[in-house]
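Take a look at the letters that make up each chain.
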Amino acid sequence: MHEHGLTRSRFRIAAMAAAGVLLAASLAVTAPVYAAEEELIVNGGFESGTQGWFANNGNSTDGATLTLTDDAFSGTSALRASARQTTGSGPMHDLSGKLQAGQTYTVKARVKYDNPNSPATKQFFATMHYGGFTYTNLGSVTPARGEWGYINSTFTIPEGQNTTTTRLFIETPFNANPSTAPDTHLMDFVVDDISLVGAPPPPPPAAPSKTIEVAGKLPGEHNPLIGHKFGADGYGFVHEGRVYMYMTNDTQGYAPNPSTGVSPQINYGNINQLTLISTTDMVNWVDHGEIQVAGQNGIAPFTNNSWAPGIEKKVVNGEEKFFLYYANGGGSSNVITGDSPLGPWSSQRTSTLINSSTPGAQGVQWLFDPAPFVDDDGQAYLWFGGGPASTSFPAAERFNNPKNIRVIELGDDMVSTQGTAAVVDAPVAFEAAQVFKRGEKYYLSYSSHFGGNDFGGNQTRVPGYPGGGEIGYMISDDPMSWPKETYAGVMFPNQSQFFGAGTGGNNHQSVFEYEGKYYFTYHAPTLNKRINGDTTQGYRSPHIQELTFKEDGTVNQVVGDYAGVEQVRDFDPFRTFEAETLGWSKGIATAKIDGGSAEFGGTSPNLAVTDIDSGDYTALSSVAFGDDGAASVSVKVKPLQEGGEIQVRQGSATGTVLGTIPVTGEVGQWTELSAELTGATGTQDVFFTFAGPSGDLFELDTWSFTAADAAASLDVTAAVTTRCLAGKVVTSVSVANQDEVPVRATIVTDFGTKTYASIEPGKTASTAFNTRSTSVVAGSAAVTATAVVDGETVEVELDASYGARSCG
């Protein structure tokens, strides 16, 4: 402590000397040159309480109590500093990010002390703390006891000064041992009207745009699942008819160079968010944004990373809850709890769920990739682990049977474990274990390693065992028993076999069942490849293929492709749905905005489509408008400039325009706009294309379509019968009017025509046609019925068929 005080003193003396030079220089300048001036202190008069102010905490010994007082120089409030621990303990205001080296500022403050035991006069400083031990006194005043002193000084920050940290505070002259004379050095004092005027805050450094400008998911293709952001380690989960996909947020580290468009290699250590998308048709995916799981502001701030998620649901204490597991780097795994698949999320734990103290986890290098499974009897399990094999094994065993994956039972609360983890002896295992159940069999899939010194060096692979970066699988009758004999083969080869150069590497998969089919999820850097070509930087994208089985229960090896899976149902447009529902897109991004989701409820995150430039688009696959079609489309939009418009197009980004929405309204404010549509019938892909001046045009929150009124019709039916009369075929046509108005009906057959001028409601008119033939082939009678309904003529065409008839 003493050494620390001496060090601080040395810097403070130097700082005062520097301040003297600055102040002298300011006195020599008759007209200082200012940048555009701006008041940079927030609440300098304390009329908003203590907002923006705190006691100086630049050193561990600093400390004070700040309270409001009505003993103000002006206004109704001032700030009193009491219980001061050091001479530097006074009110402080953080100006970090607001000041610039080389700029000139003026600092002002009113200060007063009234302790009768203190000296008759006392010097006070306005001081800047630039971080570390760098302090500079900016100006001072020496008021008499009980009188307001006035600091009013102009200073220039040196050109070479680092201004990353800038914190202004009021203090008394430095003394290393102030507690020996507290009335002299640590008296209470009051401050008011603190001001710092000068250059406005510097513009923030230009951050690389994360917006992916290429069409990463090409129209007509269903892989990758999304084209506007990345996502890895996808884990599929089904709840109430919707598929949710939880992913590692690879986009978090994406930072392309503005000139080259190439990002540095992915840095997994920076990832502390999970990305979530969902669908009900397997092609149009809703972007639900990111879940801030780890880090200082995370749901579980005691963890640093969030990779490789897995999720399960269970009724706990009478309430259905959702449990989202994730890897906290390689050293541990954890779980957070949600009220729905979309959250909100909370942490029931204050420490990680899986770590080196977990029974049975010893010897596993990487305690990550947690994958949960709740069995039919309610018992839950968690698979985890991976990484280098134990050096205690022989080299061949380290390669072929590294025994680096574990399974453990979860407690009934789903946030604790019970018992001891069991070994999963998965051949050539690396990581990414995941289990699903089909019938009475448990299937465990996992990613295989690439060899190397961590796995015994150059060893002979057991025939049939997985190659590097493949997805192997096992089949067992017991979720806790996985001997090597349960190995069943390769579920998925390395993805580079399907997507070519730049797409290899490790993989991570899951299997889920949806509406009677099984689906296999995996990742590949296909979007990264479309951005940069064959030289990719490791940014991965989610994919899905259907998984099918042989009669003996083994799987048919999955083939990866851009086509993906079939759309399982048409898209329903006649509702309010999120604009970030994307079948395909180009050049857009998404971001969270205030409020809850219009489609998913007030507690669910709300996103908007952002970074929209002229030429960008979003699109929906197989939109079911029906025979009557859509009359209009509405959008909730925030204009960012004037002159933008949205075209609703049929089939492609250059297809027929069904309607156009000029984006009007107050710039920067959300508004509802609509347009009439022509030709929006049947089932078709719909593209929303964006046009306007250069720069960001607008943001989109929701879409909705309004169905066209059904075409007017008449409740009229027609039928044909045939009979024999004198050896000839006679056809009889009857027209029944079940409507509320009279109808005119014209009957046309191959054997004659008949018109009824009026058939009253509830009546039937019939006519017979003698064919004059002993036999007729099958045919039909055409009936045209017309009536006046609500002043408009309505016409319907009916076709009444009959079968072949012979009277010979």
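What counts as what
- Residues numbered from 1 in each chain as written.
- Predicted model: local features only at pLDDT ≥ 70, side-chain atom pairs only at ≥ 80, totals over all residues.
- Heavy atoms only, no water.
- Buried < 20%, exposed > 50% of the residue type's maximum accessible area, 1.4 Å probe, protein only.
- Helix = DSSP H or I, 4+ residues; strand = E, 2+ residues; numbered from the N terminus.
- Pairing = 2+ DSSP bridges.
- Axes fitted to C-alpha atoms, helices over the stretch in contact; angles between N-to-C directions.
- Salt bridge = Lys/Arg side-chain N within 4 Å of Asp/Glu carboxyl O.
- Polar contact = N/O pair within 3.5 Å; in protein donor to acceptor, adjacent residues only side chain to side chain.
- pLDDT = per-residue confidence, 0-100.
- Contact = heavy atoms within 4.5 Å.
- Core = buried A, V, L, I, M, F, W, Y, C linked by side-chain atoms within 4.5 Å.

1. Notes on the pairing of strand S37 (residues 630–639)
Part 1 of the argument: Across the 10 residues of S37, eight count as buried, placing the element largely inside the fold.
Part 2 of the argument: In terms of strand pairing, S37 meets strand S42 (residues 698–707) through nine bridges, oriented antiparallel. The residue bridging valine 635 from the neighbouring strand is tryptophan 703, located in S42.
Part 3 of the argument: Two strands pair when backbone bridges link them, and S37 and strand S40 (residues 671–676) are joined in this way by six bridges, in the antiparallel orientation. For serine 634, the partnering residue across the bridge sits in S40 and is serine 674.

2. Comments concerning the side chain of glutamine 379
Part 1 of the argument: Assignment of secondary structure puts glutamine 379 in the loop between strand S20 (371–374) and strand S21 (380–385).
Part 2 of the argument: You can call glutamine 379 buried: its relative accessible area is 17%.

3. Examining the sheet that holds strand S29 (residues 517–524)
Part 1 of the argument: Spatial ordering of the open sheet is given by S28-S29-S30, a layout of three strands whose pairing is antiparallel. Edge positions in the sheet fall to strand S28 (510–514) and strand S30 (541–547), since each of these pairs with one other strand and no more. Along the sheet, successive strands turn relative to each other by an average axial angle of 30°, direction set aside.
Part 2 of the argument: Pairing between S28 and S29: five bridges, direction antiparallel. Along S29, the bridge assignment pairs tyrosine 514 with lysine 517.

4. Quick word on the pattern of salt bridges
Part 1 of the argument: On inspection of all chains with the given rule, the structure shows 21 salt bridges.
Part 2 of the argument: Residues lysine 529 and aspartate 534 are paired through a salt bridge, measuring 2.5 Å at the closest nitrogen-oxygen approach.
Part 3 of the argument: One salt bridge in this structure joins aspartate 572 and arginine 575, with 4.0 Å as the shortest N-O distance.
Part 4 of the argument: Take aspartate 572: its relative accessible area is 38%, and that puts it in the partly exposed class.

5. Remarks on the environment of glutamate 171
Part 1 of the argument: For glutamate 171, the location among the structural elements is in strand S10 (residues 167–171).
Part 2 of the argument: Sequence-wise, glutamate 171 and threonine 86 are 85 residues apart; in three dimensions their C-alpha atoms are separated by 9.0 Å.
Part 3 of the argument: Of the polar contacts made by the side chain of glutamate 171, one reaches the side chain of threonine 127; its length is 2.7 Å.

6. Notes on the confidence of the model for the protein chain
Part 1 of the argument: Across the protein chain, the average pLDDT comes to 93, with 95% of residues at 70 or higher.
Part 2 of the argument: Between residues 1–35, whose pLDDT stays under 50, and residues either more than four places distant or in other chains, the model counts 37 contacts.

7. What to know about the nonpolar core
In a soluble, globular protein the nonpolar side chains are often hidden away together inside.
Part 1 of the argument: By size, the foremost hydrophobic cluster in this structure holds 32 residues, and its most contacted members are Leu168 and Leu196.
Part 2 of the argument: Within the residue set of this core, elements represented by two or more residues are strand S2 (53–55), strand S4 (78–82), strand S6 (104–112), strand S7 (124–129), strand S8 (135–141), strand S9 (149–156), S10 and strand S11 (189–198).
Part 3 of the argument: Excluding its chain neighbours within four sequence positions, the residues that come into contact with leucine 196 are Glu38, Glu39, Leu40, Ile41, Leu95, Leu99, Tyr105, Thr106, Val107, Phe155 and Leu168.
Part 4 of the argument: Counting residues in hydrophobic clusters, the runner-up holds 31 residues, among them Val609, Val637, Val648 and Val686.

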